[in-house]
Amino acid sequence: MQQLLQMIWTDKKNVLLALLAGTVSGLTAVALFAQSGLLISKAALMPPFYVILILTAFLKLFGVTKSASKYAERYISHRVTFQFISILRLDFFKKLLPQAHVLNNYKSGDLLARITNDVEMLQNFFLRVLYPPFIALLVFLATILFTLFFSPWIAFILLIGIVLTSIVIPYALFRRPFQTATAEKKQLTVNATEYFYGYRDLLLHNQLQASKKTLSTLHTSYSSTRRKELDREQTSYLWNQLIALLTGFSVVFVGAYLTTIGQLEGVYLAMIVLVSLTVFESAVPLSMVPIFAKHTKKAIEQLEEITSKKITDGTIDLIDLKQSIQLRNVSYQYPSATRLAIENITMDIRAGEKVAIIGPSGSGKSTLLQLFMKEFKRNHGEFFIGDDDIDRIRISSLYEHMSTMLQHNHFFSGTIKSNLLFANLKAADVTLQQALTKACLTKNLEDPIFEKGGNLSGGEKQRLAFARLLLKESDLWIIDEPFTSLDIQTEQALFNTLMNEAHKKTLIMVTHKLTNLDQFDCIFVMQQGQIVESGTEEQLLAKQGLYYSMYHKK
Ligand SMILES: Nc1ncnc2c1ncn2[C@@H]1O[C@H](COP(=O)(O)OP(=O)(O)OP(=O)(O)O)[C@@H](O)[C@H]1O
């Protein structure tokens, strides 16, 4: 909340101008009607012409000022809101980016709902939560002081009406916890997103109807809660209007009585009645404040839930990554998991060494690579790069000296060239072409690429990712199952290229395939999150342990 106030205050000039314009607009609306009432009454008494002229001139002045200030209020307050929402979005995305490690645990629809609905919802914070009470307070105070000048009784009636509309009614209607449709909307977005993502599988497994039914139930539930929400908004609004009317009637009766007993000049009666009716215009937005305040609170909570899970970045930069890597008893458990994904991992990798990590599916190989990439922070153990704890190294500095080729590589819509330049902006066309040739990918640089590489086969994606790996200048290569979608000849050709190109680099490669492992300095065999064997292929075969039995089953 405090942070939201600070964000709004960054545009303080416009905030103050919007408040000023809103107050002027509210006051001139009251003044306009007061003047109309006075003009009607005065005209009935047939005063000299110049009096009518002056009153009419004031009427015009108030009319013009009201319209101009209303326009200015809308213009400036919306500018403040748009400025606020842009700061808010930027701030949210800045906080979101380092949260990659936790975002995996959220469903896409949930994230989408938070990123769009909740961020958008906060735009109401200024316009619908902060702003209306401020304007209403100033207009109410000024009007009560004005009417006090003519009759304390009328001022008192107005005060009662104002307290009822702005405090008693909202309190009575919203004092008990009430449900908003936010949760249902989120659930609907989550299910709708899964439905569209999984449409083909739902169709293939004959589950489309069941899924549609769930969506329809969620939609009905959302509509019903939303209807209740709207009913509550309308009830609040109706009470507001009812109190305003009753106050108006009371002012008429009491004003008429005060006129008959000589305590109020009759010529001011119409003016005061019109003032009492107009002043409640400023109270209308107050009826919605509790609802928008609740939405704002909920949105803040949902956004904070993501952005508060911080991973702290390091503070030191590496000159290069030609350094040894040491892990001592490193363990990691995913936040949502019940057991460790990797346990007591100890490794010594010297600069320039070629290391393979093998093991059955689910044994923790990819998780281990993610720790090398600092995507997660280990729960236990020590992890050093050279003499520095990896925690102290800035992520951007680590990535500057490291190249990765993971199981899933992202390709952006554009061309082969734009996707290659991504790895090395300075590379000339001839270098890019050479990388394609080394990756055995017979494509032209200007060939189009669809989003996520939608127009590439699995093998082409791997070869493009490999070309990208070759282009980036780095000291450490981290590779996860690089050539699973390729035919044996291409795989062997690319493996040879990989070993040649990585000649002076440190190479850490996860693989299922036990071919060519004799070319590695060390093989780590993982099972159920632990390293159960390590050594050269020759040593591991001689040992006749797990590697030996895997090797002979291949
Ligand atoms: N985001 C996650 N949240 C919770 N558990 C996870 C997550 N990702 C992986 N795991 C679990 O951690 C364990 C290790 O997974 P990991 O992906 O590291 O295995 P792997 O050896 O790379 O498997 P594969 O060879 O199939 O890619 C598995 O039991 C897996 O279910």
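What counts and how
- Here, residues in each chain are numbered from 1, in the same order as that chain's written sequence.
- Local features in this predicted model are restricted to residues of pLDDT 70 or higher, and side-chain atom pairs are both shown and tallied only at a pLDDT of 80 or more, whereas totals for entire chains, interfaces and linings draw on every residue.
- Helical segments are the DSSP runs of H or I of at least four residues, strand segments are the runs of E of at least two, and each set is numbered from the N terminus.
- With C-beta atoms placed from the backbone, a residue is buried if 20 or more other C-beta atoms are within 10 Å of its own, exposed if 12 or fewer are, and partly exposed between those counts.
- It is the C-beta atoms, placed from the backbone, that decide contacts: two residues are in contact if theirs lie within 7 Å.
- Only strands joined by at least two bridges in the DSSP assignment are considered to pair.
- Every axis in this analysis is a line fitted to C-alpha atoms, fitted for helices over the stretch in contact. Angles between the N-to-C directions lie between 0 and 180 degrees.
- UniProt positions are given in the numbering used here, feature names are shortened, and annotations may be inferred rather than shown by experiment.
- Only buried Ala, Val, Leu, Ile, Met, Phe, Trp, Tyr and Cys residues enter a nonpolar core, and they are joined through C-beta atoms within 7 Å.
- Here the expected length of a helix is defined as 1.5 Å per residue gap, with one fewer gap than residues.
- Note on bend: at a given residue it equals the angle between the axes fitted to the 7 residues ending there and to the 7 starting there.
- Each residue carries a pLDDT value, the predictor's own confidence for that position, ranging from 0 to 100.
- For each residue, a C-beta atom is positioned from the backbone; the residue is called near a molecule or strand if that atom sits within 6 Å of it.
- Put simply, Ala, Val, Leu, Ile, Met, Phe, Trp, Tyr, Cys and Pro go in the nonpolar bin, Asp, Glu, Lys and Arg in the charged bin, and everything else, Gly too, in the polar bin.
- The arc refers to the directions leading from the helix axis to the C-beta atoms.
- For this classification, under 35 degrees means roughly parallel, over 145 means roughly antiparallel, 65 to 115 means roughly perpendicular, and everything else is oblique.
- We call a crossing left-handed when the near helix sits turned anticlockwise from the far one by less than a right angle, and right-handed when that turn is clockwise.

An unreviewed UniProt entry lists the chain under the name Thiol reductant ABC exporter subunit CydC, from Solibacillus palustris.

Asker: Give a description of the overall build of the chain that names residues and reports values.
Answerer: Helix and strand counts for the chain come out as 20 helices and 12 strands. Scored against the burial criterion, the 554 residues of the chain give a buried share of 33%. Contacts spanning at least 24 positions in sequence make up 77% of the contacts within the chain whose residues lie at least 6 apart.

Asker: Break down the sheet that holds strand E12 (residues 530-535) for me, with residues and values.
Answerer: On the basis of which strands lie adjacent, the open sheet formed by six strands has the order E6-E9-E10-E3-E11-E12 and mixed pairing. Looking at strand neighbours, the two that pair on one side only are strand E6 (402-405) and E12, the edges of this open sheet. If you compare each strand with its neighbour and ignore which way they point, the axes differ by 15° on average. Bridge count between strand E3 (residues 354-358) and strand E11 (residues 522-527): four bridges; the pairing is parallel. Bridge pairing links Ile358 to Val525 in E11.

Asker: Give me the lowdown on the UniProt feature "transmembrane region" (unreviewed entry) in the chain, citing residues and values where you can.
Answerer: The positions that UniProt labels "transmembrane region" (unreviewed entry) are, in the present scheme, residues 44-64, 129-147, 153-174, 237-261 and 267-293. The span residues 129-147 carries 100% helix and 0% strand; its end-to-end C-alpha distance comes to 28 Å. Each end of residues 153-174 is marked by a C-alpha atom, and these two atoms are 30 Å apart; helix forms 100% of the span and strand 0%.

Asker: Can you lay out the nonpolar core for me, pointing to particular residues and giving the numbers?
Answerer: The nonpolar side chains of a soluble globular protein tend to be buried, and buried together. Membership of the largest hydrophobic core comes to 62 residues, with the highest contact counts inside it found for Ile357 and Ala467. Here the element with the most residues in this core is helix H17 (residues 458-471); it accounts for seven residues. Discounting residues that sit within four places of it in the chain, Ala467 has contacts with Leu420, Ala435, Leu436, Lys438, Ala439 and Leu441. Residues Leu122, Tyr131, Leu286 and Leu303 belong to the second largest nonpolar core, which totals 58 residues.

Asker: Which residues make up helix H5 (residues 108-121), and what values go with them?
Answerer: Taking 1.5 Å per residue, 14 residues should reach 20 Å; H5 reaches 19 Å between its end C-alpha atoms and fits that length. At Arg114, H5 shows its largest kink, close to 25°. Listing the buried residues of H5 in full gives Gly109, Ala113, Arg114 and Asp118. Next to the buried residues of H5 lie helix H8 (182-197) and helix H12 (289-307).

Asker: Could you give me a rundown of the confidence of the model for the chain, with the residues and numbers involved?
Answerer: When pLDDT is averaged across the chain, the result is 88; 98% of the residues are at 70 or more. This complex was scored by the predictor with a pTM of 0.67 and an ipTM of 0.97.

Asker: Would you mind going over the site of the ligand in detail, with residue names and values included?
Answerer: Around the ligand, the structure places 13 residues, and the nearest of them are Tyr334, Ala341, Ser361, Ser366 and Thr367. For the shell around the ligand, a count of residues per class yields three nonpolar, nine polar and one charged.

Asker: Quick rundown of the pairing of strand E1 (residues 325-332)? Include the residues and the values.
Answerer: Pairing geometry for E1 and strand E2 (residues 342-349), over five bridges, is antiparallel. When the sheet's bridge partners are listed, Gln326 is paired in E2 with Asp348. The pairing of E1 with strand E4 (residues 380-385) spans five bridges and is antiparallel. Its bridge partner being in E4, Gln326 is matched across the sheet by Phe384.

Asker: Before we move on, could you go through the sheet that holds strand E5 (residues 388-389) and cite the residues and values that matter?
Answerer: Read from one edge to the other, the open sheet built from four strands follows the order E2-E1-E4-E5, with strand pairing classed as antiparallel. Pairing within the sheet leaves two strands with one partner each, and these edge strands are E2 and E5.

Asker: Could you give me a rundown of helix H18 (residues 488-501), with the residues and numbers involved?
Answerer: Between the first and last C-alpha of H18 there are 20 Å, a value that for 14 residues agrees with the 20 Å anticipated at 1.5 Å per step. Residues Glu491, Leu494 and Leu498 constitute the buried set of H18. Considered in projection along H18, the buried side chains sweep an arc of 70° and stay on one side of the axis. Residues Gln489, Asn496 and Asn500 are exposed on H18 and point more than 90 degrees away from its buried face. In this structure, the buried side of H18 is in contact with H17.

Asker: I'd love a proper account of the pairing of E3, names of residues and values included.
Answerer: Judged by how many residues are buried, E3 sits mostly within the fold: five of five residues are covered. Here E3 shows no split at all, with Lys354, Ala356 and Ile358 on one side and Val355 and Ile357 on the other all buried. Note: E3 against strand E10 (residues 506-510), four bridges, orientation parallel. Bridge pairing in E10 places Val355 opposite Ile508.

Asker: Let's hear about the packing of H8 against helix H10 (residues 208-260): which residues, and what values?
Answerer: For any two helices packed against each other, the geometry is given by the interaxial angle and the distance between the axes. Taken N-terminus to C-terminus, the directions of H8 and H10 make an angle of 160°; their axes are 9 Å apart at the nearest point. Classified by the interaxial angle, the pair formed by H8 and H10 is roughly antiparallel. Crossing of H8 over H10 shows left-handed handedness. Contacts from Glu184, Lys185, Gln187, Leu188, Asn191, Ala192 and Tyr195 in H8 reach Ser211, Thr214, Leu215, Leu218, His219, Ser221, Tyr222 and Thr225 in H10. Across the contact of H8 with H10, the residue classes tally to six nonpolar, seven polar and two charged.

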